[in-house]
Structure formats: C-alpha cells, structure tokens
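Structural overview
Single-letter residue listing:
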Amino acid sequence: MLRYIALRGLLALLVAFTVSLAAFLLLNVAADPAQAIAGEDATPDVVEAIRARYGLDRPLSVRYFDWLGGVLQGDFGESYYWHKPVAELVADRADETITLALSALAVTILIAIPLGALAALNPNSWIDRFALGVAVSAQAVPNFWLGLIMIILFAVMVPIFPVSGDDTWMHFVLPAFVLGASSVPAVMRLTRTGLIEVMGADYVRTARSKGFRGWQLLRRHAMRNALLPVISVLAVQLGQKFGGSVITESIFAINGLGRLALESILGADIPTVQMLIFVFAIVFVAMNLLADILNAALDPRIRIG
Amino acid sequence: MTSTDFSIPVTPAEDGAETALTPGQIFRQRLFGHTGFLIGAGLILIIVVIAIFAPLIAPHDPFAQSLSARMLPPVWVEGGNWDYLLGTDQNGRDYLSRLIYGTRVSITIGLGAATVGLLIGVTLGVIAGYFGGWADHAISFLLTAQLALPGLLLAMALVFIIGPSIWVVIGIVGVLHWTYYLVVTRAATQRIRSQDFVAAAAASGASPRQIIWHEIMPNLLSAIIVIFTFELGIAILAESSLSFLGVGIQPPTPSWGLMIAEGKQAMFYRPWLVILPGICLFLLVIGANLMGDGLRDITSPEGRNE
Amino acid sequence: MTRLLDIQNLDISLALPGGMLHAVKDVSLTLDRGEALGIVGESGSGKSMTALALMRLLPRSARLKAARLAFDGQDLPDLDDRTFAATIAGPRIGMIFQEPMTSLNPVYTIGRQMTEAAIARGLLSASAARKKAVDLLDRVGIPDPEGRMGQFPHQMSGGQRQRVMIAMTLMLDPDLLIADEPTTALDVTVQAQILDLLDDLRRERQMGLILISHDLAVVAERTDKVAVMYAGELVEQGPAKQVMFAPQHDYTRMLLDSIPRLDGEPAHVAPVRKTDDEVIAARDITRLFTSRKGLFGPRREIRALDGVSLSVKRGETLALIGESGSGKSTLARILLGLDQPSSGEVSMLGRPLAELPATERARFVQPVFQDPYTSLNPRRRLSEIIARPLVLRREGDSGSRLAAVKEAMEHVRLPARLLHAYPSQLSGGQRQRVAIARALVTRPEALICDEPTSALDVSVQAQILKLLEDLRREMGLTTLLITHDMAVVHETADRVAVMYQGRIVEEGTAADVLSNPTNDYTARLLAAAPRFGDGAPVTEDAR
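Residues numbered from 1 in each chain as written. Chains lettered and ligands numbered in written order. Predicted model: local features only at pLDDT ≥ 70, side-chain atom pairs only at ≥ 80, totals over all residues. Heavy atoms only, no water.

**Things to note about the overall build of chain B**
A count of helical and extended segments in chain B gives 12 helices and 0 strands. Taking the principal axes of its C-alpha atoms as reference, chain B extends roughly 75 × 45 × 35 Å. Across the 306 residues in chain B, those meeting the buried criterion constitute 55%. Sequence separation of at least 24 residues holds for 72% of the intrachain contacts in chain B that already meet a minimum separation of 6. The distance from the centre of the 14 positive side-chain charges to the centre of the 19 negative ones in chain B is 8 Å. (Helix = DSSP H or I, 4+ residues; strand = E, 2+ residues; numbered from the N terminus. Buried < 20%, exposed > 50% of the residue type's maximum accessible area, 1.4 Å probe, protein only. Contact = heavy atoms within 4.5 Å. Lys, Arg positive; Asp, Glu negative; His and termini not counted. Charge placed at Lys NZ, Arg CZ, Asp CG, Glu CD.)

**Overview of the overall build of chain A**
Helix and strand content of chain A: 14 helices and 0 strands. What you see in chain A, going N to C, is helices and strands ordered as α-α-α-α-α-α-α-α-α-α-α-α-α-α. Overall size of chain A, expressed as C-alpha extent along the three principal axes, is 80 × 55 × 30 Å. A burial count over chain A gives 52% of its 305 residues as buried. The long-range fraction of contacts in chain A, counting pairs at least 24 apart against all pairs at least 6 apart in sequence, stands at 71%. If you sum the accessible surface of chain A, you get close to 13,000 Å²; carbon and sulfur atoms cover 66% of it. Of the charged side chains in chain A, 22 are positive and 23 negative; the average position of the first set lies 22 Å away from that of the second. (Areas by Shrake-Rupley, 256 points an atom, 1.4 Å probe, with all protein chains shown as cover.)

**Brief notes about unusual backbone geometry**
Glycine aside, the phi torsion of most residues is negative, and most peptide linkages are trans. Following Pro251(B), the chain continues into Pro252(B) via a peptide bond in cis, with omega recorded as 5°. When you line up the elements, Pro252(B) lands in the loop between helix 10 (208-244) and helix 11 (256-264). Phi at Arg56(C) is positive, roughly 55°, even though this residue is not glycine. By secondary structure assignment, the location of Arg56(C) is in the loop between helix 1 (47-54) and strand 4 (62-65). The phi torsion at Gln206(C) lies on the positive side, around 55°, for a residue other than glycine. Position of Gln206(C) among the secondary structure elements: in the loop between helix 7 (188-205) and strand 9 (208-213).

**Side note on the packing of aromatic side chains**
Under the definition given, this model contains 15 aromatic pairs over all chains. Ring geometry for Tyr130(B) against Phe131(B): centres 5.0 Å apart, planes inclined by 80°, an arrangement best described as edge-to-face. Here Tyr130(B) falls in the buried class, since its relative accessible area comes to 8%. An aromatic cluster is built from Phe17(A), Phe24(A), Tyr64(A), Phe65(A), Trp67(A), Phe76(A) and Phe278(A), whose rings are joined through pairwise contacts. Above the ring of Trp82(A), the side-chain terminus of Arg93(A) is found at 5.9 Å from the ring centroid. (Phe/Tyr/Trp six-rings, centres within 6.5 Å; stacked < 30°, edge-to-face > 60°. Lys NZ or Arg CZ within 6 Å of the ring centre and 35° of its normal.)

**Details of the side chain of Ser326(C)**
Residues and elements named next belong to chain C. Within the secondary structure, serine 326 sits in the loop between strand 14 (317-321) and helix 11 (328-335). The exposure class of serine 326 is buried, given its relative accessible area of 5%. In this view, serine 326 contacts Ala304, Met499, Tyr500, Gln501 and Gly502; residues no more than four positions away in its chain are not counted.

**Some points on the domain arrangement of chain A**
Residues and elements named next belong to chain A. Annotation of chain A at the domain level lists domain 1 (2-72) and domain 2 (93-298). Spacing between the C-alpha centres of domain 1 and domain 2 amounts to 31 Å. Contacts between the two partners involve 19 residues from domain 1 and, on the opposite side, 13 residues from domain 2. When domain 1 packs against domain 2, the two sides together hide about 1,400 Å² of surface, and 83% of this comes from carbon and sulfur. At the boundary of domain 1 and domain 2, one finds 1 salt bridge. Note that aspartate 292 and arginine 8 form a salt bridge whose closest N and O atoms lie 3.1 Å from each other. At the junction of domain 1 with domain 2, the criterion picks out 1 residue pair in polar contact (both at pLDDT 80 or more). Counting residues per element, the ones that place at least two in the side of domain 1 that touches domain 2 are helix 1 (2-29), helix 2 (33-38) and helix 4 (60-72). When its residues are assigned to classes, the side of domain 1 that touches domain 2 shows 15 nonpolar, 3 polar and 1 charged. (Domains from an automatic or database assignment. Buried area = accessible area lost by both parts, 1.4 Å probe. Salt bridge = Lys/Arg side-chain N within 4 Å of Asp/Glu carboxyl O. Polar contact = N/O pair within 3.5 Å; in protein donor to acceptor, adjacent residues only side chain to side chain. Nonpolar A, V, L, I, M, F, W, Y, C, P; charged D, E, K, R; others polar.)

**With respect to the interface of chain B and chain A**
Listed by partner, the interface residues are 42 residues for chain B and 47 residues for chain A. Of the roughly 3,900 Å² buried where chain B meets chain A, counting both sides, 82% is carbon and sulfur surface. Looking at the side of chain B facing chain A, the largest losses of area belong to Phe141(B), Leu153(B) and Ile161(B), adding up to 16% of the total buried there. Joining chain B to chain A, the criterion identifies 1 salt bridge. For the salt bridge of Asp293(B) with Arg189(A), the shortest nitrogen-to-oxygen distance reads 3.1 Å. Taken together, the links from chain B to chain A amount to 2 residue pairs in polar contact (both at pLDDT 80 or more). For the side of chain B that touches chain A, the leading source of residues is helix 12 (residues 272-299) of chain B, giving 12 residues.

**As for the packing of helix 5 (residues 86-121) of chain A against helix 12 (residues 257-266) of chain A**
Residues and elements named next belong to chain A. Closest axis-to-axis distance for the helix 5/helix 12 pair is 7 Å, and the angle between their directions is 130°. Judged by the angle between their axes, helix 5 and helix 12 are oblique. Residues Leu89, Val90, Arg93, Ala94 and Thr97 of helix 5 lie in contact with helix 12, whose contacting residues are Leu257, Gly258, Arg259, Leu260 and Glu263. In the contact of helix 5 with helix 12, the residues fall into 5 nonpolar, 2 polar and 3 charged. (Axes fitted to C-alpha atoms, helices over the stretch in contact; angles between N-to-C directions. Parallel < 35°, antiparallel > 145°, perpendicular 65-115°, else oblique.)

**Topic: the pattern of salt bridges**
Should their charged atoms come close, side chains of opposite charge can pair. Residues and elements named next belong to chain C. On inspection of all chains with the given rule, the structure shows 59 salt bridges over all chains. Between aspartate 196 and arginine 222 there is a salt bridge whose closest N-O contact spans 2.9 Å. Of this pair, aspartate 196 sits in helix 7 while arginine 222 sits in helix 8 (residues 216-222), and the two are 26 residues apart along the sequence. One salt bridge connects aspartate 520 with arginine 524, and the closest N-O pair in it is separated by 3.9 Å. Separated by 4 residues within a single helix, aspartate 520 and arginine 524 lie in helix 19 (residues 520-528), roughly one turn from each other. When its relative accessible area of 40% is taken as the criterion, arginine 524 is described as partly exposed. In this structure, a network of salt bridges that share partners links the residues Arg413, Lys466, Asp470, Arg473 and Glu474.

**Notes on the pairing of strand 11 (residues 233-239) of chain C**
All names here are of chain C. Across 6 bridges, strand 10 (residues 225-230) lies against strand 11 in antiparallel orientation. Its bridge partner lying in strand 11, methionine 229 is registered against leucine 234. Connecting strand 10 to the next strand, strand 11, in antiparallel fashion are 2 residues, including alanine 231 with a positive phi near 50°. (Pairing = 2+ DSSP bridges.)

**Re the sheet that holds strand 17 (residues 365-368) of chain C**
Residue and element names in this part refer to chain C. Taken in spatial order, the 6 strands line up as 17-18-19-14-20-21 in an open sheet, and their pairing is mixed. Both outer strands of the open sheet, strand 17 and strand 21 (503-509), are each paired with one neighbouring strand and no more. Averaged over all pairs of adjacent strands, the angle between strand axes in this sheet comes to 15°, irrespective of strand direction. Looking at chain direction, strand 17 and strand 18 (residues 446-450) are connected through 4 bridges and run parallel. Across the sheet, valine 365 pairs through a bridge with alanine 446, a residue of strand 18. The strands that helix 15 (residues 428-440) touches are strand 17 and strand 18; relative to strand 17, the one it contacts most, it runs at about 175°.

**Details of the packing of helix 5 (residues 133-148) of chain B against helix 8 (residues 179-193) of chain B**
When two helices pack together, their arrangement is given by the angle between the helix axes and the distance between those axes. All names here are of chain B. Interhelical geometry of helix 5 versus helix 8 gives an angle of 150° and a closest axis separation of 10 Å. With respect to helix 8, the element helix 5 is oriented roughly antiparallel. Seen along the crossing, helix 5 lies across helix 8 with a hand that is left-handed. Only Thr179, Leu182, Val183, Arg186 and Gln190 of helix 8 make contact with helix 5, whose side of the interface consists of Asp136, Ile139, Ser140, Leu143, Gln146 and Leu147. Looking at the contact of helix 5 with helix 8 residue by residue, the classes come out as 5 nonpolar, 4 polar and 2 charged. (Left-handed = near helix turned anticlockwise from the far one by under 90°.)

**Focus on the side chain of Arg93(B)**
For Arg93(B), the position within the fold is in the loop between helix 3 (54-57) and helix 4 (95-131). Discounting chain neighbours no more than four positions away, the residues touching Arg93(B) are Pro62(B), Phe63(B), Ala64(B), Gln65(B), Gly87(B), Thr88(B), Arg98(B), Pro252(B) and Glu262(B).

**Quick look at helix 13 (residues 382-392) of chain C**
Helix 13 of chain C sits mainly inside the fold: 9 of its 11 residues count as buried. Every buried residue of helix 13 of chain C is accounted for by Leu382(C), Ser383(C), Ile385(C), Ile386(C), Ala387(C), Arg388(C), Pro389(C), Leu390(C) and Leu392(C). Packing partners of the buried residues in helix 13 of chain C comprise helix 9 (196-203) and helix 10 of chain B together with helix 12 (358-364), strand 17, helix 14 (398-411) and helix 15 of chain C. Where helix 13 of chain C terminates, the next one or two residues include Arg394(C), which has phi positive at roughly 50°.

**A few points about the environment of Ile39(C)**
Residues and elements named next belong to chain C. By secondary structure assignment, the location of isoleucine 39 is in strand 3 (residues 36-40). Given the relative accessible area of 2%, isoleucine 39 is considered buried. Expressed as a C-alpha distance, the spacing of isoleucine 39 and aspartate 470, which sit 431 residues apart in the sequence, is 33 Å. Once residues lying within four places of it in the same chain are set aside, the contact partners of isoleucine 39 are Leu29, Lys47, Ile210, Leu211, Ile212, Ser213, Ala227 and Met229.

Spelled out as structure tokens, the structure:
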C-alpha cells in the first residue's frame, strides 16, 4: 500500500515536470517571446534589447534548467509585467481561486450525484429524461455565456446577487454555480451508467437473492462499487476547475489565479504564465494522486493484489 | 460468458438465418427511429446549409458599417426595423448577417480541430492498444501529462504568442483535444486485438499493418465517428471561449464568441447582443452532442451479440 | 402434507425491442421437501427464467402469469415485494448462480457478505453469525475458514468462491435451494466436487433442490426427477432414471444422443491414410511469461509450458486434454506461430516453423477457436472472411477465390445463400462452420481446434464434431483437438496427450489411456466425467 502510494507520487511528480517542460518548449519555440513582449510593431532594436534584458538570448536548455533550478528552490522568477516575484503574485491570489474551485466542486456534487443516482434507479422515467436533458444542455452551453446570462438574470433583472467582485460569500454563488455546472454532465453520466451497471451486476443479484431490496440493497451492495469511478472523475474535474477559473474569474471580476493568468497572457508575462501552468498541473496531479489513494483504500482489489 | 443468462435466444435459430438483418440494415433502422439523433442531425444540417449559402441568405454585408444605423434593436423591440431583423451592433453592422457568417467560423474550426485531434488521438490510441508494452506505457504517460496541462490557459498563451488566425486556432485547439480519441480507441483496440478473429488473421500471415487496417479499423469506425461529433462541439466551444477572451478570432471577422465579447459592454441595456450569439452556439453544439449521443446509442451493441 | 413447491401453467414473456418473446410457456412443476429436481435444456430453453421467476429476479420487462405459484402452501403472487423479500428470498429459498467469479461483491470481505443477511434480519447476533459462517465454510470444504472470513473474493479461486456462495445461502437455512448452472464455469474435476457437495447438503438438511443445467447426464446422476425444456416448453418430465434411460420425447432422445459419452462406440473410424509423416512436431517447448504488477512492480516468472514434446502424424486426430491454466492454449498459440517459445523448436513436415514466412504457415496449419462470437470479424461479410487467408497469400484472382470460398462453404455444409451475410446474422453453430471454412480454404495440412465446441449447445456440439469427423474422412485432415472433455476425446481421437501444469503427463492411444490411465491426474479427469448408458450398468457401477 505504501509502496503503491510512493510510486504513484513519483509518477505524479514526473508528470508535473513533463508538463512544465512541454509548456516551456511550446511557449518559447512556437514563436519568439521577445517579439510577443515587444508587440508586433516594435523595431528590431527594441526586440533585441528585450531579448538581452530578459536573458532570452541564451540557449533554450540553459534557460529551462535555470528555471527548473529556481523552481526547486521556490523561486519562479520575476514577473515581466508587475516586476514582482511571480511566487508572491500567485500566493496573493490563490485564496480566491481555491474558494471558487471548492465551492464549484460542491455545486457539481450536489447536483450531479443525486440526479445521476435517481436517473439510474428509474431508467426511462421522467426523471431519467430530465437528467439526460440537463446533461445534454449543460454540455452545449458556452460557460462564459452562462455566466453572462446568470448576471443578467440574477444580478440585474432580479438583483439577488452582486454583479461582480469577491468580497463576500454572496459574490461566489453565481461563479461557483457557473463553474460547477460545467462538470455536471460528466459526473452525472458516470454516476448514472456506473450505478446502472452495478445494479445489474451478478453480486447485486446475489444480494437480491438474500432478500435485500431498495435502500438497503443500494447502501450495502451498490453504493461503494458505483462511487469508485466517480471519485476519480471528481478529482479530474476539481483539477480542471483551476484551469477553468480563467473564464469565470474574468466574467465575475474575481481577483484570483484565473484572472492573473489572463492578465499575464495579455501582458506577455511569460514567467507568470509558466508558473501558473506548473501550479495548475501540480494541483491536477495532486488531486489524481488523492483519488488513487482513496480508491485503493476503498477497493481491496487494488490494495491487496 | 455474458453476465446474466436470461435464456433469451440472442442469435438466430440454426436454420432461420435469412430473416436476420445485416448490420447496415439494423443501423439504418435504428437511425431513423432515434428522435435525439434526428433532431441533432437536423440542426447540424440546417446550420451547415446556412454556412455554405451564407452569401445568398444574409440580407446585408456582414462587414458593412453604417454610422446612421448603429445599435438598432431587433424588430420585436421598440425602435426595431424590418431592414435589420435582429438589429445592428455598435458599428452599425447587420446582426443577423453577422450571425449567419458566424456559422462559417464555428463550423470550419470545429471540423478542422476535431480532425487534427482525431489524427493524433487515433494514431496514438491504436499504437498503444495494439502493441502494448513500452509503447503503451509511454503513450499513457503522455496522456496523463496532456490531461494535467491546463488546456485553455495554454491555448490562450499560444494563440497570443503565435498570433491569432483561424489556422492557428484550429491547430492549437486540435493539438490540445485528442485525449478522448486516445482513451476510447486504445481500450477498443485492446479489446478487439484479443479477439480470435485477429489471431486467425495472424495465423494466416497477416502483418500488424494488415491487421490494424483490415481487422481493427473497421471495428473502431463507429466509435471514432461518435467521438468526432462530440469533439466537434467541444472544439466549437473552445474557439468561442478563446475569441470571447480576445485571444482567438480577431475583429472584424464575425465569430459568435467574439460577438458576445463585443456585446458584453452593453449587455445590461441591449441583452440580445449577448443572448443571440449564445443561442446560436448552443444550438450548434447541442446539435452535435445529440447526434453523438444518438450515434452512440445506435452503434453500442457492437457486432458481438451480448 | 402440502408440497414444497407447486407451479401450475407458468407463462413468462419478455418485451424485447423486436417484440414479445414467449420465454416460458405453460410450465408445471412440483417439488417435495428433500427432493431434488433437475431442469435441463439448452440456451434459450427458458430454464433459467423459470428459476429467476421463483426468486423474483426477472428482468423488468418480463411479465409473469401462472394458474398457481405456491411455495409451502403460500401463494407467491399474493405477496407484495417487501414481504417477499422479508420472508421468502433468503430464509425460505436460496439461490446460487453460474458465475462464481462475479457473484460475490469484490469490495467486501467474505465474512461480511456471509453474515450480513442474518444480522440485518435480526436472526443472529454478530458473533453468533460469525461462528455459524465459520462452521459452514468448514462444512463446504474451505480450508482455514477463520482466515478466509477476512479475505476478499479476488483472493480465492472459482471453485472456492462457489463453495462460499453455497455456504452463504445456507446461512439462512433455506427450505429450497436453486442452483442455476452452478458448475458450468468451473473445471471438470471441481464440477464433480461441487455437485456432490450440493447433493450431500440436500440430504443432510432435507432441503428441496432445483438443479438447472444444460447437461442431462450431470443432472440425472444427482436428482430424483428431471424436467426437460425446449424453446420455453416443458417437453418431458419424470423420474430421473426414466428420462435418462427411457426418454419419451424426440427432443430428449436427440439431446441424449448428442452428449459425447465415454461408454458408447466411438463414431470415429481409423485414419484414412495414416502415415508416419509428422505434420506438426514440437520438441521440448518451454514458455516462460514474466509479469509485473504495474510499471515498477516486482517481476514474477510463470512457466506456462515446461519441456513439452508432441507430434501429430498425417491423417490422425490427436486430442490434447487439460483444464484451464494447464498451458494447452499457450501451446496452440505457439504451434500456430502466434507466440514464440522461450526454448524448443516446432517444425511442420520437417521444416522449422521459425524459418517459414508468415503467409507460408497458413499452408501447413490453420486454427479454429473456441468462441464463435469473437472468431469472426463482425464488420466483414462471410465471402470476405473466408477468402481472407487467400488474399493475404495473394493466391489467385477474385474469381478463383470466390470459387474456393464456395467450395469451402460446401465442405462445412453452409448454404451458399449465406455468402454475403454478416456474422451477426448467423447462429453459434453456423459461425463455427464459417471459422472451419476459413481454416480449410488454404487447404492446410492440419487444423488446430482449440476447444471448438465448448461454447456451443450440446446438440450443436454434436453437429460440429460430426462435421470435423466427416471432413477427416473426406479430406484426410490431420487434427490437433484441444479439449477438456474426456468424452469428446473418446469419441473423436486416435491418440491423446494429457496436459497438467505445463507438462504432458500422459500420452498414448485414446483407447489405452481411457481404459488404463497410468497417471493420477488422468484418472481424476476420467472419474469426473459423467457416464451413463441406455440402461447399461455403467452408471450403477460408478455409484
């Protein structure tokens, strides 16, 4: 079990560094970063000056290992745009995004799992059709548009919630709903198909032949089996919420990491973009590691080989 | 063994084979009996026709600005005008015509990016599934890494650095959306590879290339088509997000995401500027998703009678 | 005294996408306490449906009608679902199923699954339930029952899981035990043990027992009366001996004739033109598998084949017999060139297999596999499937290939109208014929048939075995037949090789080995095979 976790953890770290390398290469090779910083109309002299100033004239490998060396000591470089250590910028704004991501996950869980379970237990009923309709629609709605519509409906026409900002919990209700809604289809469908499969499994038939029915059957023999895959998907979704915060935070003017990402991209602030990609990747692999550990704890087939 | 033997004769009787339908016949029969699929396919068909014949359908030039006709409301709102059925934007351009031309951007990028993703994902998926071993480990690692990448963030950064154009958006969205193809084709290839008809082909001397193209690919086709329709919707949404954030399609090209961004400033007074392009996006993507759902239902009990 | 079970005029229909299916028609059965009833039929006969109906485990789309459906005097349809679950399912009627590998919940311990019903019903305290569970595990022959209580299903073998299932149903002391194909998924030697256990428990506890099986011989040996079902109808019912030895109905007779038997005259005749040419010769084949758990797990080495030598001479049928995991399928894959031995050499008519080009192999040896549902590409028409080996060898043009396909279809008695059909339009037996036609189209020297009939119904199995026998006579075909069924060996083989844990433990002519096995394992396999005869004393002697 410990060995399993250790190996998984090692793999997660490897993934995070691969991602950082991929992002570094893409950002530096796909186009000239100095040109991007200077802007399209800049003269070659200006571009050269920028190149020299940020050390972009050094070979790619030197720059990557320079960056990596800094990261291992907690130094992510200095922002080109804000002229502050990037790590400081990120630390300042992480709170808002963590709050947003966790409340969005709560929204997802509260909507998707009960709906999926009800649909699975009553296949082809009206609730099943309704759940399917919710999933199909939620999948087709552009997330940023849903945000704007929510603002028009619940902040302007019926002014229950504030339009934007991040001062009170009221500010987080609409953004959490919008960000959470994007994960509802995946989680709901998985809950539904997983539970339908489990309810048709041979071991559930065995339990039925022992006289278990209804809620008892669900609680004793279906729930844990059906929720195992859902845990993994929730972890993936939570990891993606951080990346997905870009849109939600920019619409609702929440001063978190997503907004920082947008601002640093538009400001060609490559060190900040790089750190954010690294941080989001770390969050993602950490969540997956957590899910793996939870799964191992709940599933003896993984725990005891 | 199947999980439950309800003793239903799942195969035709020993002598009654001629009454059973071919897979093609069953497919067509189910296709026309699936309401969701028909609605989705209908929506897609209509939008594709609009995209192709946009110059004939659009009442105005989508780029023609008119200072005298700025910010007109749609015809059903007070002050509306039959000349501009859905009103005009802040530059006095006909909103309906821009929405009509917007289909071209969405569909081009959707098809293009979904195809790029398909080529990458299916190639890797079949290789991982067929050869297994280290190829599989390496590709699985690549998959985990790709999933860990914050896709939207990277896409935004790349489009910004490389410079926005429709081809750049297609390339980047495509390169970041191949995981679904990979996961499904890898699993399906593993399953098919272990079946006896592949062993029979190998025993007759078929090379891996011949097995992949002749035995495996035909059995992957329906799954690939299903994913393609879903990825079409996902790519269209990704483009609209990028354009909305200002790092996608650039003005004055009519893109629905960009139009929502342009309308955002005035959305409290003229909500239709935001609502209309959003509805267009919704209809196009839900069309693709309904089609995908439908195709999945229709093709799911694959080949094997289980 | 009221009967334990009284079913009169039971009808079950299922709503399928294609329309209503009448799965069970007008079935009447009775059973007394302590009595054993066998229900026999092939797939689709409705035998499992009848059992599931008793337990209210029918699929949602099923509709049930019966003039009388009474258990111990209690009319079952009168009970609502809750009452049925509380009073009948479990404490009065217990059921065990065909799939021991999936019938236990993988995430809970054996102990929890055994005791939960008794505890939840308030019948026993946790400690009393635990004690009873340990006793029962001991009774059904699980070693170290205390230790097993804390284990999970995946840590046990199929046979052990089925024993646990039996012990679990006994926890509630049912009056009736329904066993639906309880041993079909298990190896033959284990099969006999499980069936004997059920029989003993029935006598011990004076339970009613319903044993459902496709195997008439197995059922008749262990039940008092037998009901034979065909296409949803009960075609014959009576005392086990009568059904077995004096069957009244044509279908029963056909079924009996179809079962391969150890005591009849083999349908098989001596090889047509047997020579000493070794079509397939394997010398000292060893195959090691190394497996790792996960990417970095410890390496483990498994010796699937251990110094196996074997030869098949022209015109003969060599049967290779063994249970699952004995290595017989690995050997088949190596002989077909699908896998390479770790050491040792295979040659075909004196030419080393390793030196033959892949397409050239197809002239020497072709396979027929076990599962007719996976051995044909569902996306191709029969004409393409059968012609494929020729296409791969670039043999002939489309015209000559079509002629070859038609000829091969004729050989396997497939009607020409199926030429452009897809596999999904065919029955299991027809598919297996297609697989044989594909194997024959290159006119190979030998066929390797890996359990070619074990996925088929008994009556279809008989037809396929007869076809192989006919082909041998007509074409002088050399065959390596891999099987787990001693009776099949008796009926079809000239020689037999017995495989156990990766080695060949006994080899000789079929007649010698079957009558005088020298190896202990061969003897066990033989003892496990069901025997019967038309009133012949074989069955009685065996008792």
